[in-house]
Amino acid sequence: SHLYPLGFDWLARLAKRGEKFDMVILDPPSTSVGGKKKKRWSAKNDYDELVALAAQLVKSDGTLWTTTNSNQITSIRFARMCKKGLAQSGFPNAKLERISTMPTDFPSIGPQQVKNLVWKLM
């Protein structure tokens, strides 16, 4: 099965139906407005909530790929936000399996804008 661009409402709906996937990839915009209440979402404030919802859709021993290009989140803060969301969804022992850096054909000066963390959920 494949998941296509979904918002918070769809993630909650799929979790309620008991849907599970081998891998879920989170690649949201840094900011957005949407949902039934037209709530403003930002990666720097709400990524942990998104991780908590998405983790419910990952099969046991599955993978959650988290990514952001927000320049307002350091790599360490991003990892902490992901861990917080994983703990909130019942995966306090999720293992950070991989940190993927930006490709060499996408050079940057200073801290990397894109952060990719791959989690194994147990």
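Residues numbered from 1 in each chain as written. Predicted model: local features only at pLDDT ≥ 70, side-chain atom pairs only at ≥ 80, totals over all residues. Heavy atoms only, no water.

A.B. asks: Where do I start with the overall build of the protein in this structure?
C.D. replies: A count of helical and extended segments in the protein gives three helices and six strands. Here the protein holds 122 residues, and the buried ones make up 39% of them. Sequence-distant contacts, at least 24 apart, represent 68% of the contacts inside the protein between residues at least 6 apart. Roughly 7700 Å² of accessible area belongs to the protein as shown, and the carbon and sulfur atoms make up 53% of that amount. (Helix = DSSP H or I, 4+ residues; strand = E, 2+ residues; numbered from the N terminus. Buried < 20%, exposed > 50% of the residue type's maximum accessible area, 1.4 Å probe, protein only. Contact = heavy atoms within 4.5 Å. Areas by Shrake-Rupley, 256 points an atom, 1.4 Å probe, with all protein chains shown as cover.)

A.B. asks: Quick question: what am I supposed to make of the pairing of strand β4 (residues 58–68) here?
C.D. replies: Here is the key point about a regular strand: its side chains alternate between the two faces of the sheet. Pairing geometry for strand β1 (residues 21–26) and β4, over five bridges, is parallel. Bridging across to β4, V24 finds its partner in L64. Judged from the six bridges that link them, β4 and strand β6 (residues 115–120) form a sheet pairing that is antiparallel. What sits directly across from T66, in β6, is L117. (Pairing = 2+ DSSP bridges.)

A.B. asks: In this structure, what is going on with the nonpolar core? I would like to understand it.
C.D. replies: Judged by nonpolar contacts, the single largest core of 28 residues is most densely connected at V24, L26, Y47, L64, L86, W119 and L121. Looking at this core, the elements that each hand over two or more residues are α1 (8–16), β1, α2 (43–55), β4, α3 (75–88) and β6. Counting residues per element, this core draws most heavily on α2, which supplies seven residues. With residues up to four places along the chain from it excluded, the contact list for L121 reads A55, V58, K59, S60, D61, G62, L64, L86, F91 and A94. (Core = buried A, V, L, I, M, F, W, Y, C linked by side-chain atoms within 4.5 Å.)

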